[in-house]
Amino acid sequence: MNEQSSTQKRNQQTVSGNSSTRFEKEGRTPIVEFRNVVKQFGEFTAVDDVSLKIWPGEFFALLGPSGCGKTTLLRMLAGFETPSSGEILLDGKNILPVPPNKRPVNMMFQSYALFPHLSVRDNIAFGLKRDGMTKENIEARTEEMLKLVRMENFAHRKPHQMSGGQRQRVALARALAKNPKLLLLDEPLGALDAKLREATQFELVNIQEKLGTTFIIVTHDQEEAMTVSTRIGVMNLGIVAQVDTPAGIYENPSSRFVADFIGDVNLLEGRIEGEAKGKHAEGNMLFAANGIETTFSARCPDQLEAGTTCWLAVRPEKIAISKEKDTKAVNQVSGVVDDIAYVGNLSTYHVRLANGRVIKAQEVNRRRVENREITWEDEVWLSFTEGAGLLLAE
Amino acid sequence: MNKGWRRAVLIAVPYLWLLFFFLVPFIIVLKISLSDTAIAMPPYVPTFSLSEGWSGIQNFFSGLDFENFAWLLDDRLYINSYLSSLWIALVSTFLTLIVGFPLAYGMTRAPESWRPRLLMLIILPFWTSFLIRVYAWIGILKTEGLLNQFLLWLGVINDPLIIMNTNTAVYIGIVYSYLPFMVLPIYSTLDKMDDSLLEAAIDLGCSKISAFWRITVPLALPGIAAGCFLVFIPAVGEFVIPDLLGGSQTLMIGKTLWNEFFSNRDWPVASAVAIVLLLLLVVPILIFQRMLEREQEGSK
Ligand SMILES: Nc1ncnc2c1ncn2[C@@H]1O[C@H](COP(=O)(O)OP(=O)(O)OP(=O)(O)O)[C@@H](O)[C@H]1O
Ligand SMILES: [Mg+2]
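Since the structure is predicted, the reported quantities are computational estimates derived from the model, not experimental observations. (Residues numbered from 1 in each chain as written. Chains lettered and ligands numbered in written order. Predicted model: local features only at pLDDT ≥ 70, side-chain atom pairs only at ≥ 80, totals over all residues. Heavy atoms only, no water.)

Enquirer: Summarise the overall build of chain A; cite the residues concerned and give the values.
Expert: Each helix and strand counted, chain A has ten helices and 20 strands in total. Dimensions along the principal axes, computed over C-alpha positions, put chain A at roughly 75 × 50 × 40 Å. A buried classification covers 49% of the 394 residues belonging to chain A. For chain A, the accessible surface area stands at approximately 18,800 Å², while carbon and sulfur atoms represent 47% of it. Charged side chains in chain A number 48 positive and 51 negative. The centres of these two groups are separated by 7 Å. (Helix = DSSP H or I, 4+ residues; strand = E, 2+ residues; numbered from the N terminus. Buried < 20%, exposed > 50% of the residue type's maximum accessible area, 1.4 Å probe, protein only. Areas by Shrake-Rupley, 256 points an atom, 1.4 Å probe, with all protein chains shown as cover. Lys, Arg positive; Asp, Glu negative; His and termini not counted. Charge placed at Lys NZ, Arg CZ, Asp CG, Glu CD.)

Enquirer: For the overall build of chain B, give the residues involved together with the corresponding values.
Expert: When you go through chain B residue by residue, the secondary structure sums to 13 helices and two strands. Taking 19 Å as the expected radius of gyration for a compact globule of 300 residues, we find that chain B reaches 24 Å, considerably beyond that expectation. Dimensions of chain B, computed from the C-alpha atoms along their principal axes, are close to 80 × 70 × 35 Å. Out of the 300 residues belonging to chain B, those deemed buried represent 41%. Split by element, the accessible area of chain B, about 17,700 Å² in all, is 70% carbon and sulfur. Each charge class in chain B can be summarised by its mean position, and for the 18 positive and 21 negative side chains these summaries are 11 Å apart. (Rg over C-alpha atoms; globule rule 2.2 N^0.38 Å.)

Enquirer: Explain unusual backbone geometry to me, and be specific about the residues and the numbers.
Expert: Put simply, Val 45 of chain B and Pro 46 of chain B share a cis peptide bond, and its omega is -10°. Positionally, Pro 46 of chain B belongs in the loop between strand S2 (44-45) and helix H2 (53-62). Even without being glycine, Arg 150 of chain A reaches a positive phi, approximately 55°. Its place among the elements puts Arg 150 of chain A in the loop between helix H5 (135-148) and helix H6 (164-177). Notably, Arg 265 of chain B is not glycine yet its phi reads approximately 50°, a positive angle. Note on placement: Arg 265 of chain B falls in the loop between helix H12 (253-263) and helix H13 (267-299). Under the relative-accessibility criterion, Arg 265 of chain B is labelled partly exposed at 42%.

Enquirer: So, a nonpolar patch on the surface: which residues are in play, and what are the values?
Expert: All names here are of chain B. Among the surface-exposed residues, Leu 16, Trp 17, Leu 18, Leu 19, Phe 20, Phe 21, Phe 22, Leu 23, Val 24, Ile 27 and Ile 28 lie close enough to one another that they form a single nonpolar patch of about 1,100 Å² accessible area. On the secondary structure map, Phe 21 appears in helix H1 (residues 3-33). Under the relative-accessibility criterion, Phe 21 is labelled exposed at 57%. (Patch = residues over 30% accessible without salt bridge, like charges linked within 9 Å, V, L, I, M, F, W, Y side chains within 5 Å. Salt bridge = Lys/Arg side-chain N within 4 Å of Asp/Glu carboxyl O.)

Enquirer: Tell me what's going on with the site of ligand 1, and back it up with residues and numbers.
Expert: Residue and element names in this part refer to chain A. Neighbouring ligand 1 are the residues Phe 41, Phe 44, Ala 46, Ser 66, Gly 67, Cys 68, Gly 69, Lys 70, Thr 71, Thr 72, Glu 187 and His 220. A distance of 3.2 Å separates an oxygen atom of ligand 1 from a polar atom in the backbone of Cys 68. Take Lys 70: an N or O atom from its side chain is 2.8 Å from an oxygen atom of ligand 1. About the coverage of ligand 1: the protein hides 61% of its 640 Å² of free accessible area. Every element with two or more residues in the shell around ligand 1 is listed here: strand S2 (44-54) and helix H3 (70-78). A per-element tally of the shell around ligand 1 places H3 first, with three residues. Of the residues assigned to the shell around ligand 1, the class counts are four nonpolar, six polar and two charged. (Near = heavy atom within 4 Å. Polar contact = N/O pair within 3.5 Å; in protein donor to acceptor, adjacent residues only side chain to side chain. Nonpolar A, V, L, I, M, F, W, Y, C, P; charged D, E, K, R; others polar.)

Enquirer: Summarise the sheet that holds strand S18 (residues 358-364) of chain A; cite the residues concerned and give the values.
Expert: Residues and elements named next belong to chain A. Judged by pairing direction, the sheet is antiparallel, and its five strands sit side by side in the order S15-S19-S16-S17-S18 without closing on themselves. The sheet terminates laterally at strand S15 (320-322) and S18, the two strands that pair on one side only. The average angle at which neighbouring strand axes cross in this sheet is 45°, direction not considered. Pairing analysis gives seven bridges linking strand S16 (residues 331-343) to strand S17 (residues 346-352), with the strands arranged antiparallel. (Pairing = 2+ DSSP bridges. Axes fitted to C-alpha atoms, helices over the stretch in contact; angles between N-to-C directions.)

Enquirer: I'd like to hear about the interface of chain A and chain B, residue by residue, with values.
Expert: The interface of chain A with chain B comprises 21 residues on the first partner and 17 residues on the second. Of the roughly 1,700 Å² buried between chain A and chain B, counting both surfaces, carbon and sulfur atoms make up 63%. Counting every contact that joins chain A to chain B gives one salt bridge. Between Arg 75 of chain A and Glu 199 of chain B there is a salt bridge whose closest N-O contact spans 2.8 Å. (Contact = heavy atoms within 4.5 Å. Buried area = accessible area lost by both parts, 1.4 Å probe.)

Enquirer: Got a sec to walk through the nonpolar core? Specific residues and values, please.
Expert: Residue and element names in this part refer to chain B. Counting 58 residues, the largest nonpolar core has Phe 101, Ile 186 and Leu 245 as the members making the most contacts within it. Elements with a minimum of two residues in this core: helix H3 (67-74), helix H4 (76-109), helix H6 (130-141), helix H8 (167-192), helix H10 (208-236), helix H11 (240-244) and H13. With twelve residues, H10 is the largest single contributor of residues to this core. Not counting residues within four places of it along the chain, the set of residues in contact with Leu 245 comprises Val 134, Trp 137, Ile 138, Met 164, Asn 165, Thr 166, Ala 169 and Gly 173. (Core = buried A, V, L, I, M, F, W, Y, C linked by side-chain atoms within 4.5 Å.)

Enquirer: Describe the packing of aromatic side chains, listing the residues and the values that go with them.
Expert: Under the defined criterion, the tally for this structure stands at 23 aromatic pairs over all chains. Ring geometry for Phe 101 of chain B against Phe 212 of chain B: centres 6.0 Å apart, planes inclined by 85°, an arrangement best described as edge-to-face. Taken together, the residues span a long stretch of sequence, with Phe 101 of chain B in helix H4 and Phe 212 of chain B in helix H10 at a distance of 111 residues. Three or more aromatic residues link up through ring pairs in this structure, and these residues are Tyr 44, Phe 239, Trp 258, Phe 261, Phe 262 and Trp 267 of chain B. Above the ring of Phe 115 of chain A, the side-chain terminus of Arg 174 of chain A is found at 4.6 Å from the ring centroid. (Phe/Tyr/Trp six-rings, centres within 6.5 Å; stacked < 30°, edge-to-face > 60°. Lys NZ or Arg CZ within 6 Å of the ring centre and 35° of its normal.)

Enquirer: Any details on the pairing of strand S11 (residues 266-275) of chain A? Residues and values, ideally.
Expert: Residue and element names in this part refer to chain A. The sheet contact formed by S11 and strand S14 (residues 309-314) spans six bridges and is antiparallel. Note that in S14 the partner of Arg 271 across the bridge is Thr 309. Here S11 runs beside strand S12 (residues 284-289); their pairing, made up of five bridges, is antiparallel. Bridge pairing in S12 links Ile 272 to Phe 287.

Enquirer: I'd like to hear about the packing of helix H9 (residues 195-203) of chain B against H10 of chain B, residue by residue, with values.
Expert: Residues and elements named next belong to chain B. Two elements in contact, H9 and H10, have axes whose closest approach is 9 Å; the angle formed by their N-to-C orientations is 140°. Compared by their axis directions, H9 and H10 come out oblique. Viewed along their axes, H9 and H10 form a crossing whose handedness is right-handed. Of the residues in H10, those in contact with Leu 197, Leu 198, Ala 201 and Ile 202 of H9 are Lys 208, Ala 211, Ile 215, Thr 216 and Leu 219. Across the contact of H9 with H10, the residue classes tally to seven nonpolar, one polar and one charged. (Parallel < 35°, antiparallel > 145°, perpendicular 65-115°, else oblique. Left-handed = near helix turned anticlockwise from the far one by under 90°.)

Geometric descriptors of this kind do not, in isolation, establish any biological role.
Encoded structure:
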């Protein structure tokens with residue numbers, strides 16, 4: 001509970017995603033900037049013209065399906081891969097000529113890459129010793145790191161004598177020991193089970209807050225990205241499809257891919273009919289879905305012209321389901337219940353529309369299942385507000 | 001047959017094997033080493049026979065003594081042979097390591113698809129007889145051999161090098177013959193190593209060279225040690241290589257042993273030489289054994 005509240009609090013603090021636009025306006029220097037970075041492996045383009053700014057103190061998540069180039073992007077930042085073209089700036093300075101061992105960037109590897117022949121303490125001290133610090137300073141810093149990840153009692157263990165979660169903490173401590181400007185984490189929680197994973201996510205957030213280091217985390221788990229990060233960059237096929245806060249990505253996806261990748265979404269194909277009218281309909285457009293008589297009023301940030309083909313995206317939890325027609329609702333459509341998926345606290349109704357498309361509507365189960373009034377094959381009405389739907393051209 | 005029985009049989013098989021093929025011959029050799037020479041067939045007394053009953057057995061045991069072992073201490077030849085064998089084995093093990101490690105390392109750095117072929121090349125020499133391969137080296141190393149012809153043709157040297165019948169030839173022979181025993185264990189430890197360890201070391205501030213010394217070499221140590229023992233132990237008792245390639249001044253215990261057996265026909269002294277050699281090698285063999293055990297525990 002405690003830890004949860006801390007992440008919520010953090011989202012209102014200064015180093016939140018929302019401040020990134022402010023930083024941009026103020027002309028601050030981003031800690032990391034990718035400028036038109038391209039990476040090709042032979043004929044294959046793994047990273048395709050990526051431009052991206054990350055601000056000091058951010059917890060930035062790179063999210064995307066497998067093979068979309070997340071690791072490649074991170075490895076270019078660490079210096080293990082060289083971009084085919086483009087620039088990477090760290091604190092405003094081009095770091096491409098700097099070899100990986102001289103970059104003020106540390107990486108936590110997916111496999112942890114702990115040195116099997118060294119104890120936990122020596123693993124953590126490894127980077128410090130390379131820096132030519134005095135013995136006392138190395139010892140003090142190592143102790144500090146052991147404390148930070150609560151591994152003081154395991155200092156003498158070898159990596160193979162520890163559990164996955166413990167190894168993960170040592171790997172984190174080792175990567176943080178040199179006090180890098182930037183910490184890169186490549187799927188750091190991939191090897192942990194669901195429970196430990198959740199606990200570790202909060203721990204990561206706490207440590208990041210405590211140190212104020214900029215973290216860039218790679219993950220293909222959208223829930224993880226939403227939980228830990230201040231901003232998310234969604235990648236697909238080597239390009240960055242959208243960069244925004246977790247809420248921004250969820251509420252205002254810029255494309256069908258992003259809408260579909262983050263959470264569950266209903267997509268209906270159709271075209272723009274014209275401007276919508278109504279009290280809450282500022283900037284809304286009227287949308288006609290293919291094969292359905294009714295039109296819907298939905299937000300349209302792309303300002304599409306009438307007649308353009310586009311998609312209506314609505315999240316299942318924003319659709320209300322009822323047996324009677326609601327006279328006041330703006331967006332309303334009827335259908336037949338095809339299926340009901342019951343997951344304890346939630347029920348998802350799969351409703352078939354007149355055009356054959358199935359729409360998902362999610363309801364919180366306030367009553368027990370037996371008393372549910374809607375069942376299979378019922379004729380139902382689905383409705384959603386003017387603010388719930390989003391029209392996407394891509 | 002119940003489970004306990006089956007297990008007992010399974011365990012018994014290797015023990016019986018050891019008993020028949022190691023312990024029994026060892027006891028026979030040990031017995032001969034405690035006997036005296038005789039001009040007879042076999043060329044030593046006493047011989048064991050049960051036909052004379054109890055007194056025969058008593059006579060047999062009273063005929064055994066440690067004379068031959070005392071003799072080994074008396075004659076500098078034997079001590080010198082042992083020392084020189086150990087030294088030659090040590091030097092050649094070191095040289096094999098120097099050649100073998102880069103070879104194994106290079107193999108693990110080669111493209112994945114090449115590796116089976118490279119491994120094949122390492123094992124390929126085993127397809128022909130060891131003796132023939134050592135003979136072939138005579139053709140290469142002798143004064144008018146291939147090596148000298150080649151170097152003369154290159155103009156690197158003006159007079160042919162004298163390599164044949166020297167310790168150098170023995171070193172070359174041992175390094176060549178035992179190289180696979182060094183390369184294979186090192187290759188297998190290096191191959192198991194995760195490349196991200198090196199990247200992690202570099203990420204933490206190591207240069208490539210220091211990452212090699214701090215990560216690659218320590219992690220390859222078990223393989224290096226295994227390779228060294230696999231070369232050192234048989235090299236100490238090597239006979240064929242010093243006999244064919246070494247000169248008259250090349251002193252190795254294998255040759256001394258051969259001379260005692262076949263030139264002097266002094267089986268008891270030869271057996272004593274063999275027993276002492278075994279005792280000398282027990283120490284490194286035990287260390288090797290312990291290391292393997294530790295390694296197995298570690299990997300669990
Ligand atoms: N060294 C390489 N040589 C050739 N192709 C490569 C190399 N490294 C990566 N790729 C290719 O580049 C693409 C992006 O790889 P990358 O490892 O960045 O994906 P990822 O987004 O991290 O995926 P995952 O979530 O599965 O880790 C993949 O299609 C991969 O096959
Ligand atoms: Mg990856």
